[in-house]
Amino acid sequence: MQKDSTLMASDQQILVALGANLPSEAGSPLQTLRAALTALESEGYTVEAVSRFYATPCFPAGFGPDYVNACARLSGRGHPAEVLAALHRVEAQFGRERERRWGSRTLDLDLIAIGEIVMPNTTTQSEWRNIPADKQQGVTPTELILPHPRLQDRAFVLVPLQDIAADWRHPILAKSVAQMCAELPQEQRAEVVPM
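Attention in this report is confined to the structure presented alongside it.

Conventions used here
- Residues numbered from 1 in each chain as written.
- Predicted model: local features only at pLDDT ≥ 70, side-chain atom pairs only at ≥ 80, totals over all residues.
- Heavy atoms only, no water.
- Helix = DSSP H or I, 4+ residues; strand = E, 2+ residues; numbered from the N terminus.
- Buried < 20%, exposed > 50% of the residue type's maximum accessible area, 1.4 Å probe, protein only.
- Contact = heavy atoms within 4.5 Å.
- Core = buried A, V, L, I, M, F, W, Y, C linked by side-chain atoms within 4.5 Å.
- Salt bridge = Lys/Arg side-chain N within 4 Å of Asp/Glu carboxyl O.
- Phe/Tyr/Trp six-rings, centres within 6.5 Å; stacked < 30°, edge-to-face > 60°.
- Lys NZ or Arg CZ within 6 Å of the ring centre and 35° of its normal.
- Expected span 1.5 Å × (residues − 1).

## Examining the overall build of the protein
A tally of regular secondary structure across the protein gives seven helices and six strands. Evaluated residue by residue, the protein yields a buried proportion of 51% over its 195 residues. Considering only residue pairs separated by 6 or more positions, the protein has 70% of its internal contacts joining residues 24 or more positions apart.

## Description of the nonpolar core
Counting 30 residues, the largest nonpolar core has Ile14, Leu33, Leu74, Val90, Leu109 and Leu111 as its most contacted members. At the level of elements, β1 (14–20), α1 (29–42), β4 (67–75), α2 (80–93) and β5 (108–114) are the ones that each hand at least two residues to this core. Counting residues per element, this core draws most heavily on α1, which supplies six residues. When residues no more than four places from it in sequence are discounted, the contact partners of Leu111 are Ile14, Leu15, Val16, Pro80, Val83, Leu84, Leu87, Leu144, Leu146 and His148.

## What to know about the pattern of salt bridges
Taken as a whole, this structure holds six salt bridges when the rule is applied. In this structure, the salt-bridge partner of Arg89 is Glu43, at a minimum N-O distance of 2.7 Å. A residue pair is termed long-range when its members are at least 10 positions apart, and Arg89 in helix α2 and Glu43 in the loop between α1 and β2 (46–50) qualify at 46 residues. Here Asp108 ties to Arg105 by a salt bridge, and the two come within 3.1 Å at their closest N and O atoms. Both residues of the pair, Asp108 and Arg105, count as buried.

## A few points about the side chain of Asn69
Within the secondary structure layout, Asn69 lies in strand β4. Assessed through its relative accessible area of 6%, Asn69 is described here as buried. Leaving out residues up to four positions away in the same chain, Asn69 has contacts with Leu18, Gly19, Leu33, Arg52, Phe53, Tyr54, Thr56 and Phe156.

## Quick notes on the packing of aromatic side chains
How two aromatic rings sit relative to each other is given by the distance of their centres and the angle of their planes. Enumeration over the complete set of coordinates arrives at zero aromatic pairs. The ring of Phe53 is capped by Arg34, whose NZ or CZ atom sits 5.2 Å from the centre of that ring.

## Remarks on unusual backbone geometry
A cis amide bond links Met119 with the next residue in sequence, Pro120, at an omega value of -10°. With respect to the element layout, Pro120 can be found in the loop between β5 and α3 (122–129). Residue Pro147 is bonded to the preceding Leu146 through a cis peptide linkage, with omega at -10°. Mapped onto the elements of the fold, Pro147 is located in the loop between α4 (133–136) and α5 (155–165). Of note in the backbone geometry, Ala174 takes a positive phi value of approximately 55° without being a glycine. Structurally, Ala174 can be placed in the loop between α5 and α6 (177–183). Here Ala174 falls in the partly exposed class, since its relative accessible area comes to 45%.

## Considerations on the environment of Arg96
With respect to the helices, strands and loops of the structure, Arg96 is situated in the loop between α2 and β5. For the pair Arg96 and Leu107, spaced 11 residues apart in the sequence, the C-alpha separation amounts to 5.8 Å.

## Description of α1
When the terminal C-alpha atoms of α1 are compared, their 20 Å separation across 14 residues agrees well with the 20 Å that a helix rising 1.5 Å per residue should span. In this structure, the buried residues of α1 make contact with β1, β2, β4, α2 and β5. Looking one or two residues past α1, Gly44 carries a phi angle of roughly 100°, positive in sign.

Next comes the structure, spelled out in structure tokens:
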């Protein structure tokens, strides 16, 4: 497991979750996700694989229209913080505003993982991963946490991620994407519907 935050994201798979539930200048949420993939290539990343696109219920329920979600596997160079900055620049191109955590958005690009990198360290990543569900909305990390601390809880990430990286293993949980997805309740997986 790679724990050194000075590692560069090169020759490793960069896993990104994409989501949108509001239109942007590019069009519908589906059109926005497709345009965002092109914008990621303009940032110097190669899009190696893209999952199917899925219709998913808004999370949390009642926070806005339903989403279109997908995942992509990228390759490219840069420190993980530089990868995140590139994702934020692409979000801004499509009108993303960070007014409210878990609010509706024109584009959401979540950095899920870069190879086996753990940031900032195993202890902090585990603390964020284990925050109780009722407290998650009220707290936001001040530093990059990798792998994404909620990844193992979210069908709208794991179902599309399984399309392109089923064998990727969580460096702390030692479970593959396919295993984590199978452990979710069937009703949650059933809510993630291919478009």
